[in-house]
Number of protein chains: 2
Amino acid sequence: MTDDPAAEARHAEKMQRIQAARRDMMAGKTGEKGLLIVHTGPGKGKSTAAFGMAVRAMGHGMKVGIVQFVKGAMTTGERAIFDAFPDLVSFCPMGEGFTWDTQDRARDIAVARTAWDEVRRMIADPAIAMVIADELNIVLRYGYLPVEEVVAAVMDRAPMKHVVVTGRNAPQPLIDAADLVTEMTQVKHPFRGGIKAQAGIEF
Amino acid sequence: MTDDPAAEARHAEKMQRIQAARRDMMAGKTGEKGLLIVHTGPGKGKSTAAFGMAVRAMGHGMKVGIVQFVKGAMTTGERAIFDAFPDLVSFCPMGEGFTWDTQDRARDIAVARTAWDEVRRMIADPAIAMVIADELNIVLRYGYLPVEEVVAAVMDRAPMKHVVVTGRNAPQPLIDAADLVTEMTQVKHPFRGGIKAQAGIEF
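Residues numbered from 1 in each chain as written. Chains lettered and ligands numbered in written order. Predicted model: local features only at pLDDT ≥ 70, side-chain atom pairs only at ≥ 80, totals over all residues. Heavy atoms only, no water.

As named in an unreviewed UniProt entry, chain A is Corrinoid adenosyltransferase, taken from Sphingomonas cynarae. What the UniProt record of chain A gives under Function (unreviewed entry) is the line "Required for both de novo synthesis of the corrin ring for the assimilation of exogenous corrinoids. Participates in the adenosylation of a variety of incomplete and complete corrinoids." UniProt's Sequence similarities (unreviewed entry) comment on chain A is quoted here verbatim: "Belongs to the Cob(I)alamin adenosyltransferase family." (UniProt positions renumbered as here; feature names shortened; annotations may be inferred.)

> Requested: an account of the overall build of chain A, with residues and values cited.
Across its full length, chain A carries eight helices and six strands. In sequence order, the secondary structure elements of chain A are arranged as α-β-α-β-α-β-α-α-β-α-α-β-α-β. Put simply, chain A has 203 residues, and 55% of those count as buried. Here the contacts in chain A between residues at least 6 apart in sequence split such that 80% fall between residues at least 24 apart. When the accessible surface of chain A is summed, it comes to about 8600 Å², and 53% of that surface belongs to carbon and sulfur atoms. (Helix = DSSP H or I, 4+ residues; strand = E, 2+ residues; numbered from the N terminus. Buried < 20%, exposed > 50% of the residue type's maximum accessible area, 1.4 Å probe, protein only. Contact = heavy atoms within 4.5 Å. Areas by Shrake-Rupley, 256 points an atom, 1.4 Å probe, with all protein chains shown as cover.)

> Report on the packing of aromatic side chains, specifying residues and quantitative values.
Residue and element names in this part refer to chain B. Inspection of the entire model under this criterion finds nine aromatic pairs over all chains. For the pair F51 and F91, a centre-to-centre distance of 6.2 Å together with 50 degrees between the ring planes defines the contact as tilted. Here F51 is found in helix 2 (residues 46–59), whereas its partner F91 is found in strand 3 (residues 89–93), with 40 residues between them in sequence. Each member of the pair F51 and F91 is classed as buried. (Phe/Tyr/Trp six-rings, centres within 6.5 Å; stacked < 30°, edge-to-face > 60°.)

> An account of the packing of helix 2 (residues 46–59) of chain A against helix 2 of chain B is needed here, citing residue identities and associated values.
Helices that pack against each other are described as a pair by the angle of their axes relative to one another and the distance between those axes. Running from amino to carboxyl end, helix 2 of chain A crosses helix 2 of chain B at an angle of 80 degrees, the nearest separation of the two axes being 7 Å. As judged from the angle between their axes, helix 2 of chain A and helix 2 of chain B are roughly perpendicular. Taken together, the residues of helix 2 of chain B that come into contact with helix 2 of chain A (itself represented by T48, A49, F51, G52, M53, V55 and R56 of chain A) are T48, A49, F51, G52, M53, V55 and R56 of chain B. Per-class residue counts for the contact of helix 2 of chain A with helix 2 of chain B are eight nonpolar, four polar and two charged. (Axes fitted to C-alpha atoms, helices over the stretch in contact; angles between N-to-C directions. Parallel < 35°, antiparallel > 145°, perpendicular 65-115°, else oblique. Nonpolar A, V, L, I, M, F, W, Y, C, P; charged D, E, K, R; others polar.)

> Which residues make up the packing of helix 5 (residues 105–124) of chain A against helix 7 (residues 147–155) of chain A, and what values do they have?
Residues and elements named next belong to chain A. Two elements in contact, helix 5 and helix 7, have axes whose closest approach is 10 Å; the angle formed by their N-to-C orientations is 15 degrees. When the interaxial angle is binned, helix 5 and helix 7 end up roughly parallel. Relative to helix 7, the crossing made by helix 5 is left-handed. Every residue of helix 7 that contacts helix 5 at R113, W116, R120 and I123 is listed here: E149, V150, A153 and V154. (Left-handed = near helix turned anticlockwise from the far one by under 90°.)

> An account of the interface of chain A and chain B is needed here, citing residue identities and associated values.
In this assembly, 83 residues from chain A lie in contact with 84 residues from chain B. A buried area of about 7300 Å², summed over both sides, lies between chain A and chain B, and 64% of it is on carbon and sulfur atoms. Of the charged contacts in the structure, one is a salt bridge between E78 of chain B and R56 of chain A, with a shortest N-O distance of 2.5 Å. Summed over the shared surface of chain A and chain B, the number is 12 residue pairs in polar contact (both at pLDDT 80 or more). When residues of the side of chain A that touches chain B are assigned to their parent elements, the largest contribution, 10 residues, is made by helix 2 of chain A. In terms of residue class, the side of chain A that touches chain B is made up of 40 nonpolar, 25 polar and 18 charged. (Buried area = accessible area lost by both parts, 1.4 Å probe. Salt bridge = Lys/Arg side-chain N within 4 Å of Asp/Glu carboxyl O. Polar contact = N/O pair within 3.5 Å; in protein donor to acceptor, adjacent residues only side chain to side chain.)

> Please provide a residue-by-residue account of the sheet that holds strand 5 (residues 162–166) of chain A, values included.
Across the sheet, which stays open at both edges, the 12 strands sit in the order 3(A)-2(A)-4(A)-5(A)-1(A)-6(A)-6(B)-1(B)-5(B)-4(B)-2(B)-3(B) with mixed pairing between neighbours. Sheet topology places strand 3 (89–93) of chain A together with strand 3 of chain B at the edges, where each strand pairs with a single neighbour. Between one strand axis and the next, the sheet turns through 15 degrees on average, direction left out of account. Here strand 6 (residues 180–188) of chain A pairs with strand 6 (residues 180–188) of chain B via seven bridges, running antiparallel. Bridged to T185 of chain A within strand 6 of chain B is E183 of chain B. Running over the sheet, helix 2 of chain A touches strand 1 (36–40), strand 2 (64–68), strand 3, strand 4 (130–134), strand 5 and strand 6 of chain A and is turned about 165 degrees from strand 4 of chain A. (Pairing = 2+ DSSP bridges.)

> Any chance you could break down helix 7 of chain A for me, citing the residues and the numbers?
Those residues of helix 7 of chain A lying buried are V147, V150, V151, A153 and V154 of chain A. For helix 7 of chain A, the arc enclosing every buried residue in end-on projection is 165 degrees, short of the 170-degree limit, so these residues lie on one face. (Arc of directions from axis to C-beta.)

> Run through the relation of the copies chain A and chain B, naming residues and quoting values.
Superposition record for chain A on chain B: RMSD 0.0 Å, screw rotation 180 degrees, translation along axis 0.0 Å. Taken together, the rotation and translation relating the two chain copies correspond to the operation of a two-fold axis. (Least-squares fit on C-alpha atoms with pLDDT ≥ 70 in both.)

> Please set out the pairing of strand 5 of chain A residue by residue, giving values where relevant.
All names here are of chain A. With five of five residues buried, strand 5 lies mostly within the body of the structure. The alternating pattern of strand 5 places H162, V164 and T166 on one face and V163 and V165 on the opposite face, and all of these are buried. Sheet topology note: the strand 1/strand 5 ladder contains four bridges and is parallel. Looking across to strand 5, one finds that V38 is bridged to V165.

> Can you explain the pairing of strand 4 of chain A? Please cite residues and give values.
All names here are of chain A. For strand 4, the buried fraction is high: five of the five residues fall into the buried class. Here strand 4 shows two buried faces, one formed by M130, I132 and D134 and the other by V131 and A133. The pairing of strand 2 with strand 4 spans five bridges and is parallel. In the strand pairing of strand 4, G65 is matched with V131. Across four bridges, the pairing between strand 4 and strand 5 is parallel. Looking at the pairing, M130 lines up with H162 of strand 5.

Listed below in C-alpha cells is the structure:
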C-alpha cells in the first residue's frame, strides 16, 4: 500500500523492536505445569473454546475427559467428531437438562454429585491429560456442590494435569485458584434479531 | 442439600417461571440465516472457539473452510484432527508469521491479499457452509487490507453462509455488520507466572 522506502524502513525498525521485546518476555517463560483454566462470563464461546482445546490436545495425542454438567441438545456436532476418536476422548453427558427444565432440586443435586464424581475419577486417572468440567460453574452457582470441595479437589491434581471449567458466574474461590481465566462478553447476539439456534452454530 | 418440602416446592415453582419465560423468548426466534460472527478482545479463546465451531459444524456434515492470516506454530494440535476429515474441512495457513517477525511490510501486504483472495473464493463456493478467517482482524488493524472491501465482500455472501472472523481489535465497521460479536477478556494469564506455551493449551 506504500512505495515509500523510508516508511518501509520505519515499519521494519518498529517491528524489530516489538520482536525483541517479545523475545525478552518469552525467554523468562520456561515453566510447565498443568493449568486450571476457567471460561466464564455471559458471552458465547465458553464451552466451544473448551471443546476447541480438547481438539488441540487430542491432536497431540493427549487424552481428554469431558463431563457435561448440563445436558442440552447442544452437543450433537462436537459429539459426532469426538466419536471418531474413542481412544483420545471420553465424553460424559451427565446432566439431565437445565435446572429450569427439571424443576426437581433434589434430583439436580444428585445428578451434579454423580457428574462431579466422574470429574474426580478423571482427575485421578493418570492416563487423562486434560479434564473439561463443562458448565460446572452453573452447578456451583445453584449451590448443588460445595465450592470449597471442588476447588480443593482441583488443586490437589497431579502437577501436569490440565483442568478446564466452563460456565457463567464462576465463583471467586475458583477464579482465585485458576491459572488462566477468560471472560466471554456478549457484544451482539442474533437471538435479539429473531434468529433461532442453528446447526453448526449453537448445536 | 435440603429436606424442606416447602423449599423444594418454591424451587420448582421458580424454575417453572424461568422455563415459561424462556419458552416465550425462544418462540419468537424462528429465523435462519448465515451469520457473520466476530471473536475479538485481548483474551484467549478467539481462534480456539472458532475452531470449536468448525468441529461442531463438521459434526453436522457441513463443510468448513479455514484461512489463517497469521501462521504460527500454534495450530499443530487442531491440524492433526482436521486432517482426519479432508472432505469436511479445508485448512489454509496463508500467513507467514507475526508481522513483527517478518519485518517486511510489502510482503505482509501481499500475503494478506493472497489469503483474502482465498477467503473470497471460499465465500463464493456454495459447497462451503462456514468460512473462518482466522486473525483477519490483525491484518485489518495494520491496514494491510481495506476494511470497506472486506465488509462489502462478507455482506455480499449467500444467505445461509456463516463467516467467522477472529483477532483482537476488530474494526468498528465489521462489528457493525456482524450478527454475533463476542469479546474475550483476559482476567488472568499464566505467562505472568512464568509458564511457557504448552502443547494442548497454546498450540
